[in-house]
Amino acid sequence: MSMKRNSWKEYQKEIAEDHYYYARSCIRQNFFPGSEAAFLRILQENLSKDIFDDPRHTSCTGIGYHSDIVPLETIMTVVARQFSLMNAAGYENFASSCITSFGIYTEILETWNEFPETEERTRENLWKATKREFVKPKNLAHTSDIIFHFREEIARQAKYRLVNARTGEPLKGVEHIGCHYAKIFPKSGVGGAEFPYVLAGMIESWGGEVVDYPERRHCCGFGFRNYLVQANRGYSVANSQKKFESMAPYKPDFIVCNCPGCTMFLDKWQYTIAEMEGTTYGQDGIGIPVLTYEELAGLVLGYDPWDLGMQMHQVNVEPLLDKMGVRYDPEAKYLGKNGKFIGAPREAAVNCFSGERLYRIQR
Amino acid sequence: MIQWGYTINQPRAVNLDRNDLTAARRIIRQMPELQACIACGSCTATCTAGNLTQFNFRKVHTLVRRGEYEGAYEEMNKCMLCGKCRLVCPRGINTRGVVMLIKRELGEY
Amino acid sequence: MSKKVIIVGGGVAGMQAALSLKGQGIDSVIVEKSDRLGGKLCDWHKLFPTFTPASEVLGPLKEAVERAGVEVRTGAEAERIAPDSVLLKSGERLSADAVVVCSGFDLFDARIKEEYGYGIYDNVYTTADIERMMNEGAVALPGGHAPRRIAFLHCVGSRDEKVGQRHCSRVCCITGVKQAMEMKTLFPQCEVYNFYMDIRMFGPGYEELYRQAQEEYNIHFVRGRISEASPTFDGRLQIKAEDTLVGRPLKMSVDMLVLIIGMRAGESNGRFAQCPGVGCASNGFLAPADLFSGSVLSPVEGVFYAGTVTAPKNVGESMSEGAYAALRVAEYLGARS
C-alpha cells in the first residue's frame, strides 16, 4: 500500500526540460565515484538531453562555509562565478549535484532577492576578483529533481524494476532527503519539507514501495563542523543510528539518498556501528545497501553495477542486486576499467551474517 | 583493534515508551495534586537549598512524573524541609509531603 | 413603515440578534448559507466548562426564533454587504435599513500543519472530529479498539506565524481540557497527555476545570509543542516534543493524536470588507469601530457586527454580542425615523 500524501502536488517546482549546466559535488566522486558519470550518461544517452559538464567550475565552498572558515561574502562571490561560467557557456538552467550546494544556491538567490544590496556587493566583488559579470539562472534544480522529472521515461526504458524478481513483491525502499534540499525553503523541493516526493516518486515509478518510519525526517547527523572534529563524531553517528533503529523493523531492501553526505554517512556509519557495537540493521544480519538515486536509476536502466561504482560502497550491494535479478559478474567487482585488480577491502562485520548480531526490535 | 577516538552518544530524550512509569503512577496516586503543578517556580525561588545548590524541586518532581528516577532520591535529600515552598505554592501542593513521598518511593534508584 | 434588518449568518449570535430585535419590535431576515440554523454549534457535542449538551443551548434558541416568526432564508450566501442592502451569491439583492454581520469564523484546516500528518495518518484527529464522533456515539480507533494513550496538542493554527495565524483563538485551551476529560471518562485506563505552549483559562469555571483535569482526571500537561508526528511500525504514532520544564526532548508513541484546532477569520470577511469603510484587522477578522463601547459597530453607519466575525469568542459572549448589537441597531433605526 502506498503512503497517502496530500501535499506533494501542491509543492511543485519548475524543472527545466533540457539544456543544463552541471555543477558537480566535491565529495561524491570519492565515495560514489560512478554516480555523476551515470547522471550524465542517463541524461545524454537515455534521455537525449543536452547537459554541459564544465571542468572550470569549482567547489561552491559550502563545506568551508558551514565549517566557519569561508565567509559569506566569499561564498557568494564563488557562487556568482559559477553563474558567470554558466552564462559564458550559453546555459541558463543550473543543475547542482550536491544538496549542500543546492541549499547554498537557493539561499543565496533568496538573499539577493530579499537584500538587493548584497547582490550588488557580490557583483562588485566578482568584478574585482575576476573581471566577470553574471546573470542569475533561469532555473535552479538539484539533479535528483531532474531524475524525478524524467522518472516515467526511465521507467519506460527499465530493464529491471524495484521488484523482487522471485516473488514479484515490490522492494521496500527507505528514502532519505538531505536537510538542505527543502528544510530551508519547503517550496524549493518536490513535495515540500515534511513529505518530500522527489525520491519516493522514483521508487514508486520504478516498482518499489516507500517505507514511512518514525524517524524518516530526522537528519543523518552529517552537520559539517560536527563530524569534521573526530571527538564529536559520536553525536553524528548517533543520529544515523537513531534512523537505523527506527527503520529496521520495516526490513527495508535499500536506502536511497539525494545528498552526498547522507549517502556516505548512512553507508559508512553502518560499518562503524557494526564494528563498534556489533549491530547491523538489514535483513539476514547484514547491513542495508545505501544507494544514490543515480545508482538506483542506473540499475533500473540495466547499467553494470561495477560501472556504477557500487563496489566502493561500505555495505555490499549484492543482496539488492540479487533481489532485483540484476545480472552481474561477481569476479569483476574489484577490477578497474582497464581490467586490473584495484584491491579489495577487508572483511567487515556489516557484511557478514551472524545470528547474534541480528537487530532486535526494541519495545 | 580500531581506535575510533569517539563513542556513540546515547539518546537524551525522555522516552515515555521505554520509561517504567509504575513508580510515577504510584506517587501520583498518593498525591494527585502534584499533577496540578503549573511550574510557576515559586518553590524554587524561595528554596533554601535551591539558592545554594543545584537542587530544583520543580524539575526533579517533573522528571519523576515522566519516569526519570535516577538521582531523584539524592536530590530530595538536599531539601531541608523548612516548609517555605509549601507556603508559596499557589496550587496548594504539599511540597514537603512530595519530598518525603519521592524519597520513600524511589529509595532504590 | 416597519424597518427591516438583515442578519448575515444564523449561528448563535445571529439568532440572538434576531430575537432581541424582535423584542424591540423590529423585523429581521436571517440569511444563512447552509441549510440549517445553528452554525458550528450544530456539530458540537457538549459545551465547556459545564458539559452542557450543545443541543440544550441550540434547541431553545431555534424554537424561540421559530416562535418569533423571524424570516429565515437558508441556502442563501451573502456575497457583498452594504448599509442598505445585502447581495446574495445568487445575484438577488435584499434591501435593508441595517445589516448585522454574524458570519462567524472558520475552523483552521489542520492539513496545513503538514508535520502532524492530518489526513495522512488515520489516527490523527481534530477537536471537531472528536465532537462529531461523540455526536455519532462512537469514539474509537480505525480498528475499533479503545485507545491506550492519547495526546492532545494545543494551539494548532493559533499563535503560529508559520500559518499566518498570529492570534490566540482563546476557546481551544478549554476545549482541549474538556475533551481530555471526556476521553478519560470514556476510556478510564487510557493515559491522556496535553501538550501546550500556555494554558489560557479566561472564562468562569475554566481554571477550576483545568485543575480538576489535572488532579482528579490525572491528565498529564506537558509544556511543549509537538514538532512532528510519524507512523510507528505497529500502526501508532510517534510524537516528539520538548518537555520545556525539564529542558529535555521527549518522545512517545500514542494511539490517537488530537489536534486542538483554532479559529481563523471567516473566508467571507474579505468580500465583506469590500464595502467602503469596512475593514479587516491584521488577523483577518473584521475590525469593529473600537474595542470598547463600539465592539458591535463597524466603522460604517448601518453595518453592525456580532459574535466571532470580529474575534474568537465563546458561545455566551457571542450571544451577548447578538443582543447588544440588536440594542445598537434599534438606537440607530430610532434616530433615523
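Residues numbered from 1 in each chain as written. Chains lettered and ligands numbered in written order. Predicted model: local features only at pLDDT ≥ 70, side-chain atom pairs only at ≥ 80, totals over all residues. Heavy atoms only, no water.

## Some points on the overall build of chain A
For chain A, the helix and strand inventory stands at 15 helices and eight strands. Against the compact-globule benchmark of 21 Å for 363 residues, chain A has a radius of gyration of 20 Å, which places it among compact chains. On the principal axes, the C-alpha backbone points of chain A span a range of 65 × 50 × 45 Å. Buried residues in chain A amount to 60% of all 363 residues. Across chain A, the fraction of contacts at a sequence separation of at least 24, relative to all contacts at a separation of at least 6, is 76%. Accessible surface for chain A amounts to roughly 15200 Å². Of this, 50% is attributable to carbon and sulfur atoms. Looking at chain A, you have 42 positive and 46 negative side-chain charges, and the mean spots of the two groups are 2 Å apart. (Helix = DSSP H or I, 4+ residues; strand = E, 2+ residues; numbered from the N terminus. Rg over C-alpha atoms; globule rule 2.2 N^0.38 Å. Buried < 20%, exposed > 50% of the residue type's maximum accessible area, 1.4 Å probe, protein only. Contact = heavy atoms within 4.5 Å. Areas by Shrake-Rupley, 256 points an atom, 1.4 Å probe, with all protein chains shown as cover. Lys, Arg positive; Asp, Glu negative; His and termini not counted. Charge placed at Lys NZ, Arg CZ, Asp CG, Glu CD.)

## What to know about the confidence of the model for chain A
Summarising the model, chain A shows a mean pLDDT of 93, and 96% of its residues fall at 70 or more. Taken together, the stretch residues 357-363 of chain A has pLDDT below 50 and engages in 20 contacts with residues farther than four places along the chain or on a different chain. (pLDDT = per-residue confidence, 0-100.)

## Quick notes on the sheet that holds strand 8 (residues 93-95) of chain C
Residues and elements named next belong to chain C. One open sheet holds the three strands; their spatial order is 6-7-8, and the pairing between them is antiparallel. Because the sheet does not close on itself, it has two edges, and the strands there are strand 6 (78-82) and strand 8. Sheet twist, expressed as the mean angle between neighbouring strand axes with direction ignored, is 15 degrees. In the sheet, strand 7 (residues 85-88) pairs with strand 8 via three bridges, with the strands oriented antiparallel. Each bridged residue has a counterpart across the sheet, and for Leu87 the counterpart in strand 8 is Arg93. (Pairing = 2+ DSSP bridges. Axes fitted to C-alpha atoms, helices over the stretch in contact; angles between N-to-C directions.)

## Details of the confidence of the model for chain C
Per-residue confidence for chain C gives a mean pLDDT of 96; residues scoring 70 or more make up 99%. Under the prediction, the complex receives an ipTM of 0.93, its pTM being 0.94.

## A short note on the pattern of salt bridges
All names here are of chain C. For the coordinates displayed, the defined rule picks out 54 salt bridges over all chains. Among the salt bridges present, the one from Asp160 reaches Arg225, with a minimum N-O distance of 3.2 Å. Residue Asp160 is located in the loop between strand 12 (149-156) and helix 4 (171-186), and its partner Arg225 is located in the loop between strand 14 (220-223) and strand 15 (228-231); the two are separated by 65 residues in the primary sequence. Here Asp160 falls in the buried class, since its relative accessible area comes to 6%. (Salt bridge = Lys/Arg side-chain N within 4 Å of Asp/Glu carboxyl O.)

## What about the sheet that holds strand 20 (residues 303-305) of chain C?
Residue and element names in this part refer to chain C. On the basis of which strands lie adjacent, the open sheet formed by five strands has the order 5-2-1-9-20 and parallel pairing. Each edge of the open sheet is held by one strand with a lone partner, namely strand 5 (71-73) and strand 20. This sheet shows a mean twist of 20 degrees between the axes of neighbouring strands, independent of strand direction. When strand 1 (residues 4-8) meets strand 9 (residues 98-101), the two strands line up parallel, connected through four bridges. Bridge pairing in strand 9 links Ile6 to Val99.

## Quick word on the nonpolar core
Among the nonpolar cores identified, the biggest contains 108 residues, and Trp112(A), Ile146(A), Ile147(A), Ile154(A), Trp206(A), Phe254(A) and Ile255(A) are the most heavily contacted of them. Non-local contacts of Ile154(A), meaning those with residues more than four positions away in its chain, are made with Ile42(A), Leu47(A), Ile147(A), Trp206(A), Ala297(A), Val300(A) and Leu301(A). (Core = buried A, V, L, I, M, F, W, Y, C linked by side-chain atoms within 4.5 Å.)

## Section: helix 2 (residues 54-67) of chain C
Residue and element names in this part refer to chain C. With 14 residues, helix 2 ought to run about 20 Å at 1.5 Å a step, and its terminal C-alpha atoms sit 20 Å apart, in line with that. By the burial criterion, the buried members of helix 2 are Ala54, Leu58, Leu61, Ala64 and Val65. One side of helix 2 carries all its buried residues, which in axial view fall inside an arc of 130 degrees. For helix 2, the exposed residues lying more than 90 degrees away from the buried face are Ser55, Glu56, Glu66 and Arg67. In this structure, the buried residues of helix 2 make contact with helix 1 (12-23), strand 2 (27-31), strand 3 (46-47), strand 4 (52-53), strand 5 and helix 7 (315-336). Residue Gly69 follows helix 2 closely and has a positive phi angle near 70 degrees. (Expected span 1.5 Å × (residues − 1). Arc of directions from axis to C-beta.)

## A look at the interface of chain B and chain C
Across the boundary between the two partners, chain B contributes 23 residues, which contact 23 residues of chain C. Buried area between chain B and chain C, summed over both chains or domains, comes out near 2200 Å², and the portion from carbon and sulfur atoms is 45%. Run the count over chain B and chain C and you get five salt bridges. The salt bridge involving Arg25(B) is made with Glu191(C); its shortest N-O contact spans 3.1 Å. (Buried area = accessible area lost by both parts, 1.4 Å probe.)

## Examining the environment of Cys43(B)
All names here are of chain B. Inspection of the secondary structure assignment puts Cys43 in helix 2 (residues 42-46). The spacing of Cys43 and Lys84 is 41 residues in sequence and 7.6 Å in space, taken between C-alpha atoms. Sequence-distant contacts of Cys43, that is, excluding residues within four places in its chain, are made with Phe57, Arg58, Cys85 and Val88.

## Details of the domain arrangement of chain C
Residue and element names in this part refer to chain C. For chain C, the assigned domains are domain 1 (4-104 + 266-336) and domain 2 (110-262). The distance between the C-alpha centroids of domain 1 and domain 2 comes to 31 Å. Residue-level contacts link 15 residues of domain 1 with 21 residues of domain 2. Inspection of the domain 1/domain 2 interface yields one salt bridge. The interface formed by domain 1 and domain 2 holds nine residue pairs in polar contact (both at pLDDT 80 or more) in total. A breakdown of the residues in the side of domain 1 that touches domain 2 according to their chemical character gives eight nonpolar, three polar and four charged. (Domains from an automatic or database assignment. Polar contact = N/O pair within 3.5 Å; in protein donor to acceptor, adjacent residues only side chain to side chain. Nonpolar A, V, L, I, M, F, W, Y, C, P; charged D, E, K, R; others polar.)

## Looking at the side chain of Thr77(A)
Mapped onto the elements, Thr77(A) comes out in helix 4 (residues 72-88). Discounting chain neighbours no more than four positions away, the residues touching Thr77(A) are Thr122(A), Asn125(A) and Leu126(A).

## Observations concerning the packing of aromatic side chains
Following the criterion strictly, the structure yields 29 aromatic pairs over all chains and no others. Each ring, one from Phe265(A) and one from Trp269(A), has its centre 4.8 Å from the other, and the planes form 50 degrees; the classification is tilted. Here Phe265(A) and its partner Trp269(A) are both found in helix 13 (residues 260-277), four residues apart, which amounts to about one turn of the helix. Each member of the pair Phe265(A) and Trp269(A) is classed as buried. Ring geometry for Trp269(A) against Tyr6(B): centres 6.2 Å apart, planes inclined by 70 degrees, an arrangement best described as edge-to-face. Of this pair, Trp269(A) sits in helix 13 while Tyr6(B) sits in the segment before strand 1 (14-15), which puts the two residues in different chains. Take Trp269(A): its relative accessible area is 6%, and that puts it in the buried class. Three or more aromatic residues joined by ring pairs make a cluster, and in this case those are Tyr21(A), Phe52(A), Phe83(A), Tyr91(A), Phe94(A), Tyr105(A), Trp112(A) and Phe134(A). (Phe/Tyr/Trp six-rings, centres within 6.5 Å; stacked < 30°, edge-to-face > 60°.)

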